[in-house]
Amino acid sequence: MRENATDYRSLFINDVPMMDARAPIEFNKGAFPGVVNLPLMNDVERQKVGTCYKQQGQQAAIELGHQLVSGAVKAERVEAWAAFARANPDGYLYCFRGGLRSQIVQQWLKTEAGIEYPRVIGGYKEMRTFLLSTLEEAVEQCDLVLIGGMTGTGKTEVIAQLDNSLDLEGHANHRGSSFGKRATAQPPQIGFENALAVDILKKRAAGIDQFVLEDEGRIVGSCSLPHVLYQRMQTLPLVWLEDSPSSRVERILKDYVVDLSAEFIQLHGVEEGFAAFAERLQQSLTNIVKRLGGERYKRLAGIMQQALREQEQGRGVDTHRGWIEALLTEYYDPMYVFQRESKAPRIEFAGGQGEVLAYLRTRKRS
């Protein structure tokens, strides 16, 4: 049998297949990219064993676990593990600490299915600790630069075209603004951090030591930026992206109306999907009602409702430009003008998308 793994760096860089034997509740709180959850115990079984451990000790808990996972239940889980092992002969399995649960899975695979399959020593806990250290080291050691700019200037488009970028919004599955929530759910906080750290690890392994990030707030939707990263971002140099008001309106129209409605429709079908999209768009506006003020909110909500009716009737999306233009000029732009003034000493370059891309691709390490 291949040796049990301790080289976490190699596991993540090479996208080695891994099977997570933790309970679903543990997995759903945070996992690693691409990992498959095939638990030894489900959530109810794990809770019963945990209660038994606290009241009667380890041996009684182990015996209860064997009772709960036996017969047809055991056979079904062993077959799932065996199928994964056959499909991924170069993979590994792990549990939380790389201890008893992964050892049992390893033992049952051998005795019940005749498969010798290695596990990750230290398990999820040590791999998570390794990734957090990876992220902290990168923040400390690497050259970082931010892209700033008004709403709708295409900062995400620039990020997508650079090999040395870190797409914070992509990892958070959120566009970063009050309207940035997507049709699909955001990852849990731990999953967001893990994915970001793996991204950094792979890029550093490829020789990248300068990273470009979008200038974000502390929170992207429901995902908080790692504290060490956010703190460093407050002093980083900025490249300011500029674009015309009309181009910004068109970009926002595409992202937040055309593309977002298509996401919902693809997930839920035409009628239910459009209804969910319309509800999301209106809720996004409602979320900032206090900052907009009552009269302005009513005016923009009226335009939005009319635009949604026309869109649903197949009459295009032109009317959406009304609330988008007003939201930019009356709400977002004044905030960004203030931000630009406050961050002016840190801005080292400003220009359109082509100019910014050219600058960032040739920028020397600061």
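Remember, predicted model here, so these are calculated numbers, not experimental data.

K.L.:
Is there a simple way to explain unusual backbone geometry in this structure?
P.N.:
Working note: non-glycine residues mostly have negative phi, and peptide bonds are mostly trans. You will see that aspartate 15, though not glycine, has its phi angle at about 50°, which is positive. Structurally, aspartate 15 can be placed in the loop between α1 (8-13) and β1 (18-20). Taking the relative accessible area as the measure of exposure, aspartate 15 reaches 53% and is therefore exposed. In the Ramachandran plot, asparagine 173 falls in the positive-phi region, its phi being about 50° despite a non-glycine side chain. Structurally, asparagine 173 can be placed in the loop between α9 (168-172) and α10 (189-205).

K.L.:
I'm lost on the pattern of salt bridges in this one. Help?
P.N.:
Side-chain pairing between opposite charges can occur once the charged atoms of the two side chains come close. All told, the structure shown has 25 salt bridges when counted by the stated rule. The closest approach of N and O atoms between lysine 74 and glutamate 112, which form a salt bridge, is 3.6 Å. Here the residue lysine 74 occupies a position in helix α5 (residues 71-87), and glutamate 112 occupies one in helix α6 (residues 100-113), the gap between them amounting to 38 residues. For aspartate 199, the salt bridge goes to lysine 203, with nearest N and O atoms at 2.5 Å. On the criterion of helical spacing, the pair formed by aspartate 199 and lysine 203 is a turn pair, its members being four residues apart in helix α10.

K.L.:
I keep staring at the UniProt feature "domain: Rhodanese" (unreviewed entry) in the protein and nothing clicks. Help me out?
P.N.:
In the numbering used here, UniProt assigns the "domain: Rhodanese" (unreviewed entry) feature to residues 12-136. Counting secondary structure, residues 12-136 comes out at 62% helix and 6% strand; the distance between its end C-alpha atoms is 17 Å.

K.L.:
What is the right way to look at the sheet that holds strand β5 (residues 165-166) in this model?
P.N.:
If you walk across this open sheet you meet the five strands as β5-β6-β4-β9-β10, and the pairing is parallel. Each edge of the sheet is formed by a strand with only one pairing partner; in this case those strands are β5 and β10 (347-351). For β5 and strand β6 (residues 210-214), the ladder comprises two bridges, and the chain directions are parallel. Looking across to β6, one finds that serine 165 is bridged to valine 212.

K.L.:
Any chance you could explain the UniProt feature "active site" (unreviewed entry) in the protein here in plain terms?
P.N.:
When the UniProt feature table is mapped to this numbering, "active site" (unreviewed entry) covers Cys95. Setting aside anything within four residues of it in sequence, one finds cysteine 95 in contact with Arg22, Arg101, Ser102, Gly123 and Tyr124.

Reading the values: the criteria
Residues numbered from 1 in each chain as written. Predicted model: local features only at pLDDT ≥ 70, side-chain atom pairs only at ≥ 80, totals over all residues. Heavy atoms only, no water. Helix = DSSP H or I, 4+ residues; strand = E, 2+ residues; numbered from the N terminus. Buried < 20%, exposed > 50% of the residue type's maximum accessible area, 1.4 Å probe, protein only. Salt bridge = Lys/Arg side-chain N within 4 Å of Asp/Glu carboxyl O. UniProt positions renumbered as here; feature names shortened; annotations may be inferred. Pairing = 2+ DSSP bridges. Contact = heavy atoms within 4.5 Å.

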